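The residues making up each chain are set out below.
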Amino acid sequence: QVQVVESGGGLVQPGGSLRLSCAVSGRFFSIGTIAWYRQTPGNERELVGSITARGRPNYSDSFKGRFTISRDNHEYTALLQMNSLQPEDTAVYFCNAIVRVSEMGAPSEYWGQGTQVTVFP
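Residues numbered from 1 in each chain as written. Predicted model: local features only at pLDDT ≥ 70, side-chain atom pairs only at ≥ 80, totals over all residues. Heavy atoms only, no water.

### Overview of the side chain of Thr115
Tracing the sequence through the fold places Thr115 in strand E11 (residues 115-119). One polar contact links the side chain of Thr115 to the main-chain amide nitrogen of Gly9, over a distance of 3.1 Å. (Helix = DSSP H or I, 4+ residues; strand = E, 2+ residues; numbered from the N terminus. Polar contact = N/O pair within 3.5 Å; in protein donor to acceptor, adjacent residues only side chain to side chain.)

Right under this line is the structure:
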């Protein structure tokens, strides 16, 4: 069983920063790309960016420059550093991990439950 758990959300004032963490645990062979998404009520999930197994990040245009994704393959975690946060960044942030449970098995997607980020004065 693979679990994906996000943490680090909370309340922050405009201009502030937060760092979210995504931890992958359980029994698995390898972790591939890890992606961060966010979602506001009534809207679809929006891709923030992702990071490959080798540590190469990619970002959606809206988040380049303010958000940074990194990962620690020894700890099976990925981080989302968010700077210069604004009220429009208020959302639930989700982590998505591509995990291969066994060496010969096909990779599968696993989602976390999300962590709330609220930006307000």
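### Some details on the state of the cysteines
The term disulfide refers to a covalent linkage connecting the sulfur atoms of a pair of cysteines. Within the structure shown, the criterion is met by one disulfide. For Cys22, the disulfide goes to Cys95, at an S-S distance of 1.9 Å. Residues Cys22 and Cys95 are joined through a disulfide that is left-handed, its torsion about the S-S bond being -70°. Of this pair, Cys22 sits in strand E3 (residues 18-26) while Cys95 sits in strand E9 (residues 91-100), and the two are 73 residues apart along the sequence. Exposure remark for Cys95: the relative accessible area of 0% places this residue in the buried category. (Disulfide = S-S within 2.5 Å. Buried < 20%, exposed > 50% of the residue type's maximum accessible area, 1.4 Å probe, protein only.)

### As for the packing of aromatic side chains
Evaluated as defined, the whole model comprises three aromatic pairs. Centre to centre, the rings of Phe28 and Tyr76 are 5.2 Å apart; their planes meet at 85°, and the pair counts as edge-to-face. Here Tyr76 lies in the loop between strand E7 (67-72) and strand E8 (77-82) and Phe28 lies in the loop between E3 and strand E4 (30-39), a separation of 48 residues in the sequence. Owing to a relative accessible area of 40%, Tyr76 belongs among the partly exposed residues under this scheme. (Phe/Tyr/Trp six-rings, centres within 6.5 Å; stacked < 30°, edge-to-face > 60°.)

### Remarks on the sheet that holds strand E1 (residues 2-7)
Spatially, four strands are ordered E1-E3-E8-E7 in an open sheet, and the strand pairing comes out antiparallel. Of all the strands in the sheet, just E1 and E7 have a single pairing partner and so form its edges. Direction aside, the axes of adjacent strands within the sheet are offset by 15° on average. Of the strand pairs in this sheet, E3 and E8 are connected by six bridges, and their pairing is antiparallel. Paired with Arg19 across the bridge in E8 is Gln81. (Pairing = 2+ DSSP bridges. Axes fitted to C-alpha atoms, helices over the stretch in contact; angles between N-to-C directions.)

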